[in-house]
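# Per-entry structural report
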Amino acid sequence: MGADDVRSLLRDAARAYASERGVVDEEALNLFSDLILAFADALTEGERIPGAPEWMNIAFRAKKIPSCRTPCHFSSKLESVLSMKGFNNPMYLLALSRMGSRPPGG
């Protein structure tokens, strides 16, 4: 099974999930599945943090994705998952420093 097959399965699963949660409009289902795929792509591509385990690279990218300047529901849920897995703000800042970057606004 190739990457395109997996993407297709993920798209179908995302649509089925949204449908089960009450989303019925075709455009909304397409948007939902596109967002899920874009998020999955963002979590698995890009620069690696030198010396960091793979799970930490994924957590780092998840923390970067929502770029809300004010608190938003989506990033709160992500933060909750990341905190539960042990990835916290100091780890994010450490990862940025290892990559030679500065935090947004910093």
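Here goes a summary of the coordinates provided. (Residues numbered from 1 in each chain as written. Predicted model: local features only at pLDDT ≥ 70, side-chain atom pairs only at ≥ 80, totals over all residues. Heavy atoms only, no water.)

## Quick look at the nonpolar core
Core analysis: the biggest nonpolar cluster contains 13 residues, and I49, F60, L82, F87 and Y92 have the highest contact counts within it. Contributing elements (two or more residues each) for this core: α3 (54-64) and α5 (89-98). Top element by residues in this core is α3. It accounts for four residues. If we ignore the near neighbours within four places in the chain, the residues touching L82 are A59, A62, K63 and F87. (Core = buried A, V, L, I, M, F, W, Y, C linked by side-chain atoms within 4.5 Å. Buried < 20%, exposed > 50% of the residue type's maximum accessible area, 1.4 Å probe, protein only. Helix = DSSP H or I, 4+ residues; strand = E, 2+ residues; numbered from the N terminus. Contact = heavy atoms within 4.5 Å.)

## Considerations on the side chain of S33
Looking at the element boundaries, S33 is found in helix α2 (residues 26-44). With a relative accessible area of 1%, S33 lands in the buried category. In terms of polar contacts, S33 uses its side chain to reach the backbone carbonyl oxygen of N30, at 3.0 Å. Those residues in contact with S33 that sit more than four places away from it in its chain are R11, A14 and R15. (Polar contact = N/O pair within 3.5 Å; in protein donor to acceptor, adjacent residues only side chain to side chain.)

## Overview of helix α1 (residues 3-20)
Its 18 residues give α1 an end-to-end C-alpha distance of 25 Å, which sits within 8% of 26 Å, the value for a rise of 1.5 Å per residue. Along α1, the positions that sit buried rather than exposed are A14, R15 and A18. For α1, the buried positions fall inside an angular range of 95° around the axis, keeping them on one side. Taken together, the buried residues of α1 touch α2. Looking one or two residues beyond α1, the residue adopting positive phi is G22, at roughly 105°. (Expected span 1.5 Å × (residues − 1). Arc of directions from axis to C-beta.)

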